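Residue-level listing of the chains:
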Amino acid sequence: MAELPSGLLEACVVVGASGDKLRDIHQLHQQSKLSELPVLEAEVLQVHAPPFVSKETNSSNSIGPAFSRVQRRRSFIKKKRRDRNAEALSNGETTSRAEVSSVTEDISVPKDLDLIALPQLCFPGGLHLANEQREDSYHFLVFTDLFGNRTHGVIVQYYRAVQSCQEFSVQNGHRWNSSKSRLYTPFAVCVISKFPYYNALRDCLSCLLVQLRPVRQADFEETIKEFSAKLSLVPLPPPGQLHVSFTLRPLQVVLPSREDQDSPVIDIDLHLPFLCFSHTTLLQVLSCLLQEQRLVFFSSDWARLTLVAESLLLYLQPLSWQQPYVPVLARGMLDFLMAPTAFLMGCHISHFEEVAAETEELILVNIDDGIIQSSWSETVDLPAIPLAAAESFMSRAECLQLHYDLELCHLGAGTDANALRSQRRDWQARLNTQIQNITLELVVNIFRGVQDFLNHEHRVFNSEEFLRTREPADQSFYKKVLDTHIFHSFLRDRLNRKRDTFSRMEQNTRNHAHRSRAMTESPRRPLLSDLSRTGYSSYTSPDDRLSKRLGASLPNLEQPASDTIQAIRSNRPGSLRKMTPDAGLKFPQKALKVFRLPEFPPPLAYQYVQNYYSEMVATLGKAINSTPPDESALLARYHYLRGLVNTVSNRRLDALEDFQSLYKTDSDIFPSQMVKSLVDSMPENERLQADRRPELKRLISRVKRDQERERARHNNGHEEDAVKRFQLPKKYMQLDEFVKCVQESGIVKDQGTIHRLFDALTVGHQKQVGPDLFRVFYTIWKETEAEAQEVCLPASVLEHIEPSECVFKLSSSVKTSRGVGKIAMTQRRLFLFTDGRPGYVEVAQYRDLEEVKVSSAPILLLRIPSLKLRVRGKKETFEANLKTETELWNLMIKEMWAGRNMADQHKDPQHMQQALTNALLMDAVVGSLQNNKAIYAASKLAHFERMKMEVPMMVPKTTAETLKHKINPSLELAAPQAVDVLLYTPGQLWVSVSGGKVMVFDASSWSLTHTCHVGNAKLNCMLGVDKDQVWMGSEDSVIYIISMVAMVCNRQLTEHRAEVTGLALDIDKRWRTPAAQRELSWCGTSQHCR
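Below is a summary of the structure that appears in this document. Values in this document were obtained by computation on a predicted structure and should not be read as measured data.

### Describing the overall build of the protein
And then number 1: In terms of helices and strands, the protein carries 33 helices and 39 strands.
And then number 2: Scored against the burial criterion, the 1090 residues of the protein give a buried share of 55%.
And then number 3: Accessible area for the protein stands at about 49,200 Å²; split by element, carbon and sulfur atoms hold 49% of it.

Structural data, given as structure tokens:
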């Protein structure tokens, strides 16, 4: 886990014109020798960066004592000012020794802070003097380093009167008695932070200006330094439900926390783009971002550029913009727009015509007018966002209430500024949540189903198959998006099984059948149960056949009750306008808490700062003691903050104890890198004390072990960032290469089936498969899937088949004993699809078959091969003159029959899934070989037919009477794995297999709903606790606690010295809560946990 930045302030920089230049201009201005005021060059005047105080006796290993990462610093001001003074002295000017000493004082700045371009960005329109006082102006910056790490800046420009050396009489702040006209110069104060706390830092600068206005020039620098030192004492809130607030008179400032470890900080008004653009234009801008175009935003307001750009990028979460990003370009930086790569940049509206005329292939977005155009046209000729997703987005967006004034109609005038601000903050937070929900649903609707085309084992994305499932009108959009860096990063997260907002909403908004398969080890392609209701009824043109969802290799045979309501329905929502803005995904909203920091001490005195830390630790201790044990998430956040404060105040052992409590309570937010740095900084005597405490010693060992595992993983070349596209082979493949290729193609994953397929394709020649043969086989497999979807089944046929059924194979038109037509094979039955007036004639359900054999029918003087089926309960034998297809259909039907019998005997419908896959593979093998050995080769895939001949299929009577259902957790795995532990909780079955993998099945449909990993060792036991938790004991001596709501493990019990072999719940009736006492047993000993 990456180290968490621990402080609000990285640096505070003051930018303005040099004093020497101002004095010269002021003198000319007083003498009326200036026809117009010049535009001056801005430069850095002050830099304030933590640490601000230190104890002289501190050891070199100390961490702190300010909330900032310890890092090398370099001097920027010293060299610049020394050069300037040397130049001044060489020109004959006189400078007092005291002045030279003060201006050459060494001021250190963080090494990652680039001050070269900062003056231009603080005054992007130039530094303009004025004859009268002007309003304060705020804007925002984003800095990006070579590694893509972003730093954020909030700038306020404010004007102060320029004073000459002769005018030192100050009255009422910066006023003085002068008969001459006054001259005002702007200063920019820039607060830089690692996190985008735009609103909070703007509030802080507003408070600073209240202090600066009456202050004397001599106290100007000291006031800003004290302001910076106070901000350096503010810790950032941990991810979750705990905000941090502090008082910076006259305002109460709140730092909102991130939703979780992977979510961004949102301290911005997300509705601003909705106020600037129509919904159609907004979707166009988002489409350009997803396609990684060269975008330039324009506005007359510098602040609007960054706020709108940041909001738009947040709309795309969890997709992350990977290209150059400079939301504010100073007028001297316009050459950046000549960059050949994709980018997102912002300019003043006054440069619009210049940029449009001199640069090509740009997307120009006018924020002020709410329009988008290209530099070569007044329109944007780029693929639009898919229609269904766009319509859903616009319908939900229409329901948003974007105007705060409408919320105030029933309220009186407020008199407490902080209460009014709090009310506005709460309204904005609710609106931000609704907007996040709408935009996340848009992203989910655009990329829904991507995981169905991923092979996690080989890290392959089958882009061609994914494209075939998209609507024809949307394919141009997807072709562009699939080649972008932003989509590649998104795929990498899917392959790494990242459990983020996208995966949660995608899982929550799938239909029942899809939801049951979304979290499998190797997600299969989309289910054909959807196609039986949407594809056939709407499919008309052969040209469009590949745009429909293709057949699944292992189709799902279940029939969810929810799917029986409609036989046919449209792909598009029927009543979009009835949707609410927060529909879609609704997670339980946790109550937010705000931890209020103590009043700031004199921030430049070491002892006062230490007392401030002590007071904060004591306040957090009271909060921890007053928080009930069942609010474990809140307790974890308090421990995090207290550990952070103890760290920066050099109370290392206390900090480790807090982090140990945090690790046991919520490991998701455990700052492992910070703890490692803390341990490495401990002097020997403290390390010995830690080793004498068993719980701290185990924590240190665990952190170091995790670090070594991470280092070993990188040294072994583990490619977590690799994402490959599936490609057909270009050389001959031996068995191992063939297995990998078939798995990557998504046809099937089971190794046993692939081995049988390899034997079938290599019958009669050397045991290797050539690239031409595999290409033919793959093409036939895909064409067969698509051709089956060309059938337009009328309602008269659909009413006879179940909603979850689908036609997987269709014969040519043949003569049968029941009429002329095509024999259709579904996963449950055979039926005749009659020619002429399409009709339905039932042939047989597989379980009712009694005999399947090949015969010959006399036609004129010829004997034509035919297939005969004898069905239980029917006197007449069904006969079909399938001609050359007879032998193939004989094999396929026998395999389906055997699979049906096996599934019924063993109560395992997955046998039927496997039988259908075998039958489809037989068809593809016969079509690809086209020789006299093709049928023999296809018979190699008759797995269940062979089992019927070789192994008795009967199940013992006792077992048959009691067995209700059989589940194979290894179905989606490459090889079978043993089941280690089973646990039933109401509505769910928990199954543990090797390596800490846990599968959760729905206890009504027996479908897989979730998969999670806990550690890397074998699980020995599981226990349901408190109706919302599952405890799991592992061989690695850890008890993992799973939330049954979120399906994540973020709590661990680690104070065990050997593997956990058993768990038992002991309810003491004297305690009035069922979870008051828990007895944990392992290796013959026991421990009680409360």
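Read on, since the account is not over.
### Looking at the sheet that holds strand 3 (residues 43-48)
And then number 1: The five strands lie next to each other as 3-1-9-8-7, forming an open sheet whose pairing is antiparallel. At either end of the open sheet lies a strand with only one pairing partner, and these are strand 3 and strand 7 (137-144). Within the sheet, the average angular offset between the axes of one strand and its neighbour, ignoring direction, is 25°.
And then number 2: As paired elements, strand 1 (residues 11-16) and strand 3 share five bridges and run antiparallel to each other. Residue V14 lies in a different strand from strand 3, and its bridge partner there is Q46.
And then number 3: On the sheet, helix 5 (residues 198-212) packs against strand 7, strand 8 (150-161) and strand 9 (184-193) and is oriented at approximately 25° with respect to strand 8.

### Some thoughts on the sheet that holds strand 35 (residues 1039-1043)
And then number 1: Ordered by their spatial adjacency, four strands build an open sheet running 33-34-35-36, and the pairing between neighbours is antiparallel. With one partner strand each, in any of the chains shown, strand 33 (1019-1025) and strand 36 (1049-1053) form the two edges of the open sheet. Shown here is a sheet whose adjacent strand axes are inclined to one another by a mean of 25°, direction ignored.
And then number 2: The pairing of strand 34 (residues 1029-1034) with strand 35 spans five bridges and is antiparallel. For V1030, the partnering residue across the bridge sits in strand 35 and is I1042.

### What to know about helix 22 (residues 672-680)
And then number 1: Along helix 22, the residues classified as buried are S672, M674, V675, L678 and V679. Buried residues of helix 22 fall within an arc of 160° about the axis and therefore sit on the same side.

### With respect to unusual backbone geometry
And then number 1: Cis geometry is adopted by the peptide bond preceding P51, which originates at P50 and carries an omega value of 0°.
And then number 2: When you line up the elements, P51 lands in the loop between strand 3 and strand 4 (73-75).
And then number 3: With an omega of 10°, the peptide bond between Q317 and P318 qualifies as cis.
And then number 4: Structurally, P318 is set in the loop between helix 9 (302-315) and strand 13 (325-326).
And then number 5: Look at E361: it is not a glycine, yet its phi comes out positive at around 55°.
And then number 6: Position of E361 relative to the elements: it lies in the loop between helix 10 (352-358) and strand 15 (363-366).
And then number 7: Given the relative accessible area of 56%, E361 is considered exposed.
And then number 8: Non-glycine residue K907 carries a positive phi angle of around 55°.

### Thoughts on the pairing of strand 15
And then number 1: Of the two faces of strand 15, the one carrying I363 and V365 and the one carrying L364 and N366 are both buried.
And then number 2: Direction of pairing for strand 12 (residues 294-299) relative to strand 15: parallel, over a ladder of four bridges. If you follow F297 over to strand 15, its bridge partner there is V365.
And then number 3: Relative to strand 16 (residues 371-374), strand 15 runs antiparallel, the two sharing four bridges. Each bridged residue has a counterpart across the sheet, and for L364 the counterpart in strand 16 is Q373.
And then number 4: The turn joining strand 15 and strand 16, which pair antiparallel and follow one another in sequence, is formed by four residues; a positive phi near 70° is taken by G370.

### Things to note about the pattern of salt bridges
And then number 1: Enumeration according to the criterion identifies 33 salt bridges in this entry.
And then number 2: A salt bridge links R504 to D260, with the nearest nitrogen and oxygen atoms 3.5 Å apart. Of this pair, R504 sits in helix 16 (residues 501-508) while D260 sits in the loop between strand 11 (251-255) and helix 7 (272-276), placing them 244 residues apart in sequence.
And then number 3: We note a salt bridge from R642 to D658, for which the minimum N-O separation is 2.8 Å. Of this pair, R642 sits in helix 20 (residues 632-648) while D658 sits in helix 21 (residues 652-665); the two residues are 16 residues apart in sequence, bridging distant segments of the chain. A single burial state applies to R642 and to D658, both of which are buried.
And then number 4: Look at the salt bridges and you will find they share partners, linking D301, R304 and D368 into a network.

### Details of the side chain of N646
And then number 1: Its place among the elements puts N646 in helix 20.
And then number 2: Leave out the neighbours within four places in its chain, and N646 touches V617, R651, R652, D654, A655 and D658.

### Details of the packing of aromatic side chains
And then number 1: Per the stated rule, a full pass over the model turns up 28 aromatic pairs.
And then number 2: With centroids separated by 5.4 Å and ring planes inclined at 55°, the aromatic side chains of F738 and F758 adopt a geometry described as tilted. With a gap of 20 residues between them, F738 in helix 25 (residues 735-745) and F758 in helix 26 (residues 751-761) connect regions that are remote in the sequence. F758 matches F738 in its accessibility class, with the two residues each being buried.
And then number 3: One aromatic cluster is present, formed by F447, F453, F461, F466, F477, Y478, F487, F490 and F502 through successive ring pairs.

### Digging into helix 11 (residues 387-397)
And then number 1: Every buried residue of helix 11 is accounted for by A389, A390, S392, F393, S395, R396 and A397.
And then number 2: Looking at the buried residues of helix 11, the elements they touch are helix 7, helix 8 (279-290) and helix 12 (417-447).

### What about the environment of E851?
And then number 1: Among the structural elements, E851 can be located in strand 26 (residues 849-859).
And then number 2: Sequence-wise, E851 and W897 are 46 residues apart; in three dimensions their C-alpha atoms are separated by 9.6 Å.
And then number 3: Apart from residues lying up to four places away in sequence, E851 is in contact with K868, L869, R870 and W897.

### Considerations on the nonpolar core
And then number 1: If you look at the biggest cluster of nonpolar residues, it comprises 175 residues, and the most contacted ones within it are F246, L289, F297 and F447.
And then number 2: Excluding its chain neighbours within four sequence positions, the residues that come into contact with F297 are V285, L305, V308, A309, L312, L344, M345, G346, C347, V365 and I367.
And then number 3: Core analysis: the second largest hydrophobic core is formed by 68 residues, C741, Y846, I893 and W897 among them.

### Describing the packing of helix 19 (residues 606-626) against helix 20
And then number 1: Axis separation between helix 19 and helix 20 bottoms out at 10 Å; the angle between their running directions is 160°. Regarding the angle of helix 19 to helix 20, the classification is roughly antiparallel. Both helix 19 and helix 20 take part in a crossing whose hand is left-handed. Contact residues: helix 19 offers Y613, M616, V617, L620, G621, A623 and I624, while helix 20 offers L635, Y638, H639, L641, R642, V645, N646 and V648.
And then number 2: The class makeup of the residues in the contact of helix 19 with helix 20 is eleven nonpolar, three polar and one charged.

The rules we used
- Residues numbered from 1 in each chain as written.
- Predicted model: local features only at pLDDT ≥ 70, side-chain atom pairs only at ≥ 80, totals over all residues.
- Heavy atoms only, no water.
- Helix = DSSP H or I, 4+ residues; strand = E, 2+ residues; numbered from the N terminus.
- Buried < 20%, exposed > 50% of the residue type's maximum accessible area, 1.4 Å probe, protein only.
- Areas by Shrake-Rupley, 256 points an atom, 1.4 Å probe, with all protein chains shown as cover.
- Pairing = 2+ DSSP bridges.
- Axes fitted to C-alpha atoms, helices over the stretch in contact; angles between N-to-C directions.
- Contact = heavy atoms within 4.5 Å.
- Arc of directions from axis to C-beta.
- Salt bridge = Lys/Arg side-chain N within 4 Å of Asp/Glu carboxyl O.
- Phe/Tyr/Trp six-rings, centres within 6.5 Å; stacked < 30°, edge-to-face > 60°.
- Core = buried A, V, L, I, M, F, W, Y, C linked by side-chain atoms within 4.5 Å.
- Parallel < 35°, antiparallel > 145°, perpendicular 65-115°, else oblique.
- Left-handed = near helix turned anticlockwise from the far one by under 90°.
- Nonpolar A, V, L, I, M, F, W, Y, C, P; charged D, E, K, R; others polar.

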